[in-house]
Amino acid sequence: MDSIAPTMAPTLALHDSQTRRKQAFSPLDPQHVRVYYCGPTVYDAAHIGNLRAMLSADVLVRVLRVLYPRVTFVRNITDVDDRIADRARANGEDIATLTARTTADFHADLAELNILSPDIEPCATHHIPEMLDMIGRLIENGHAYEAEGHVLFAVRDFASYGALSGRSLDDMLAGARVEIAPYKRDPGDFVLWKPSTPDQPGWDSPYGRGRPGWHIECSAMSHRYLGESFDIHGGGDDLLFPHHENERAQSLCCYPGSRFAQVWLHNAMLLSNGEKMSKSLGNFFTIRQVITRAPAQALRLLFLSAQYRSVLDFTWEKLDDAKRTLDRFYRALERTTSIEDAPIPGAVLTALCDDLNTPLAIAALHPLADAALQGDAQAAASLKAGGKLLGLFAQSPDEWFRAGTDENAVERLIQARLDARKARDFAQADTIRAQLAAQGILLEDGPQGTTWRRA
Ligand SMILES: [Zn+2]
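Moving on, we get to helix α10 (residues 316–335). The terminal C-alpha atoms of α10 lie 28 Å apart, and with 20 residues this matches the ideal 28 Å at 1.5 Å per residue to within 8%. Among all positions in α10, only Leu319, Ala322, Leu326, Asp327, Phe329, Tyr330, Ala332 and Leu333 are buried. As for α10, its buried residues are in contact with α8 (287–293), α9 (296–304), β13 (312–314), α13 (365–373), α14 (377–389) and α15 (397–402).

A few words on the packing of helix α2 (residues 82–91) against helix α3 (residues 95–112). Where α2 meets α3, the axes come as close as 9 Å, and the angle between the chain directions of the two elements is 105 degrees. Classified by the interaxial angle, the pair formed by α2 and α3 is roughly perpendicular. When α2 is examined against α3, the residues Ile84, Ala85, Arg87, Ala88 and Asn91 are found in contact with a partner set consisting of Ile95, Leu98, Thr99 and Arg101. Tallied by class, residues from the contact of α2 with α3 come to five nonpolar, two polar and two charged.

What follows deals with the nonpolar core. If you look at soluble globular proteins, the nonpolar side chains tend to sit buried side by side. By size, the foremost hydrophobic cluster in this structure holds 75 residues, and its most contacted members are Ile48, Leu64, Leu299, Phe303 and Phe314. When residues of this core are assigned to their parent elements, the largest contribution, 11 residues, is made by helix α1 (residues 48–67). Excluding residues that lie within four positions of it along the chain, Ile48 makes contacts with Leu270, Met277, Phe285, Thr286, Ile287, Val290, Leu299, Phe303 and Phe314. Counting residues in each nonpolar core, the second largest holds 42 residues, with Leu132, Met172, Ala220 and Cys253 among its members.

Time to look at the coordination of the zinc ion. Each protein donor to the zinc ion is listed here as Cys38 (SG), Cys218 (SG), His243 (NE2) and Glu247 (OE); together their distances run 2.0 to 2.3 Å. Each of the four donor atoms around the zinc ion contributes to a set of angles spanning 76 to 128 degrees, which defines the coordination as irregular. In the primary structure, the donors to the zinc ion are separated according to the pattern C-x179-C-x24-H-x3-E. With Cys38 in the loop between β3 (33–37) and α1 and His243 in helix α7 (residues 240–254), the pair connects residues that are 205 residues apart, well separated along the chain. Comparing Cys38 with His243 shows no difference in burial state: the two are buried.

How each quantity is defined
Residues numbered from 1 in each chain as written. Predicted model: local features only at pLDDT ≥ 70, side-chain atom pairs only at ≥ 80, totals over all residues. Heavy atoms only, no water. Helix = DSSP H or I, 4+ residues; strand = E, 2+ residues; numbered from the N terminus. Expected span 1.5 Å × (residues − 1). Buried < 20%, exposed > 50% of the residue type's maximum accessible area, 1.4 Å probe, protein only. Contact = heavy atoms within 4.5 Å. Axes fitted to C-alpha atoms, helices over the stretch in contact; angles between N-to-C directions. Parallel < 35°, antiparallel > 145°, perpendicular 65-115°, else oblique. Nonpolar A, V, L, I, M, F, W, Y, C, P; charged D, E, K, R; others polar. Core = buried A, V, L, I, M, F, W, Y, C linked by side-chain atoms within 4.5 Å. Donors = N, O, S within 2.8 Å, 3.2 Å for Na, K, Ca; no water. Tetrahedral: all angles 85-135°; square planar, octahedral: opposite > 155°, others 65-115°.

Right, here's the structure in full:
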């Protein structure tokens, strides 16, 4: 496998949702690439559908860090939302307790999947002044209006409204659930600020005590940390309309002459067992539910087995397949000793530079694993470097093969087998060995004693 020098790095091409084509990525500042992804609304455990955008962003940022000297990745936390307030009330806890716990759980889930933390993770509630500043500017320049304690964005006055999602305003409104309200000039006008009752979270503002609409959060936080124009904005394709269309409208109208995001990335949805995930179908899983039943790395590999723009169907069988693939990769890694660091294999980086083609990148790992299993230490080193770029191999082979095992119970049985052998009760020793083998534990007797690993 060829290694590549940085000067020969392939060109990154990304599919931009707005132009609807794949194009060479050209950062505004090649010395500093800036990326924004919409993060979670923290009222409930993250489900595996949420994971797709987080993983797409993770692979993107890992690739950008190979290609560019500096990358700033911002992913927000939405910690003000009516679902949060409703859930906190239902749980009988205060909002801050609920959002802090849910955020910590989200971080723990992502860490197990070896998803890197963003460089900046702003919370909406810490950026209310920035949102009010944008709202004030939009009213001033005639793109927003105040009505009955609300501030609304006037979609008809922004000629390029709909350019991102590529549909006419009337088509979009027909297909979306828009709230009809008497204070709206147009049914498509969306809320920038809304009034809060005394029992709802709220902040003082020129329009009375209230709280922000969802879309203004991301416009305010991306502006604060990445500026008026930045490189990449991403999220799930369910965010394309209205969320991203509205973010774009607010930001472009607030800062005339700016470009907001240059490239928009949207990942396709996740199916579960062939259908859209829903609690009533019994195919709804949180990340935590899945990674208590299977290794988190197997879930990561399964998700990377589909390119982010194609629909991915989650099944437990595919998760088993992913685990078996990782077993094989890890056997290849442990087959040779003293693996040195190797450059990223050219085929892996080239695949990822082609609109993050993760299935092709994984396919390029298989011949390396084949060679490594034959004892080729250089191939093993390349396998490790390629896998690490995909965020795999967070564990050592030893950790991987022992995971999920009650180590104390294994050690006790190994001791019992040694005692049996000392007593020349070989039948009993063989029985214990067979009992462990049935649990997938293989024993290896060596000069240093007996060691074990998962089959
Ligand atoms: Zn957003």
